[in-house]
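Understanding the architecture of this molecule
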Amino acid sequence: MDFAQRTIDIARQNVEEGGRPFATVIVKDGEILAESPNKVAQTSDPTAHAEILAISEACRKLGTEHLVGATIYVLAHPCPMCLGALYYCSPDEVVFLTSRDAYEPHYVDDRKYFELANFYDEFAKDYTERRLPMSHAPRDAAVDVYRRWQERNGGNRHVEGAPTT
């Protein structure tokens, strides 16, 4: 099966049904483990990106938060939220089928604090310098939650089984 073409077909169908032009297909051992179009328009959920939905489905099926051994096909270069999720689930490879430069003449997704053209620069700033207002309200009780987690995990600070290399 041509997994890249399957990704394109899902995105095209989503557009025809009134959705946004994005899709993801997750493949493991030569089989589709999960797939999804972007469902932001259909659900009014700003986190319902194709990558997030497909990663969630694949991880539920496998019973793990790790997608080691998987290849993830995405229609376009991932946004920062999806890129974070992709890093977190640790697939073997991510294949994107178009770049923002290629699709930008046809689709732009800029918001009040989120313009793809400058988001990565914005993300690298200290939180006090970002356009999105943020403040730090330190509480010792917040750190206590992490101490308790460590205690319940035998003193280990790491998530058991998480790929680290």
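In this report, the structure presented in the accompanying data block is examined. Here the structure is a predicted model, which means the values were calculated and not measured. (Residues numbered from 1 in each chain as written. Predicted model: local features only at pLDDT ≥ 70, side-chain atom pairs only at ≥ 80, totals over all residues. Heavy atoms only, no water.)

1. Quick word on the packing of aromatic side chains
Applying the stated rule across the entire model yields four aromatic pairs. Here Phe3 and Tyr73 contribute two aromatic rings whose centre-to-centre distance is 5.9 Å and whose plane-to-plane angle is 40°, an arrangement assigned as tilted. Taken together, the residues span a long stretch of sequence, with Phe3 in helix α1 (residues 3-16) and Tyr73 in strand β3 (residues 70-76) at a distance of 70 residues. The residues Phe3 and Tyr73 share a single accessibility class, namely buried. Ring geometry for Tyr103 versus Tyr107: centroids 6.1 Å apart, planes at 65°, classification edge-to-face. (Phe/Tyr/Trp six-rings, centres within 6.5 Å; stacked < 30°, edge-to-face > 60°. Helix = DSSP H or I, 4+ residues; strand = E, 2+ residues; numbered from the N terminus. Buried < 20%, exposed > 50% of the residue type's maximum accessible area, 1.4 Å probe, protein only.)

2. Let's talk about the state of the cysteines
On inspection of all chains with the given rule, the structure shows zero disulfides. Unpaired in this structure, Cys79 has its nearest cysteine sulfur neighbour in Cys82, at a distance of 3.7 Å. Of the residues examined, Cys79 reaches a relative accessible area of 13% and is grouped as buried. (Disulfide = S-S within 2.5 Å.)

3. Some remarks on the nonpolar core
With 14 residues, the main nonpolar core has Ile26, Leu33, Ile55, Ala58, Leu67, Ile72 and Cys89 as its most contacted residues. Sorting the residues of this core by element identifies β2 (31-37), α3 (50-62), β3 and α4 (80-89) as the ones contributing at least two each. Looking at this core, the element that brings in the most residues is α3, giving four residues. Sequence-distant contacts of Leu67, defined by excluding residues within four places in its chain, comprise Ile26, Leu33, Ile55, Ala58, Cys59, Leu62, Ile72, Cys89, Ser90, Pro91 and Asp92. By size, the runner-up hydrophobic cluster in this structure holds eight residues, among which are Phe3, Val27, Tyr73 and Leu75. (Core = buried A, V, L, I, M, F, W, Y, C linked by side-chain atoms within 4.5 Å. Contact = heavy atoms within 4.5 Å.)

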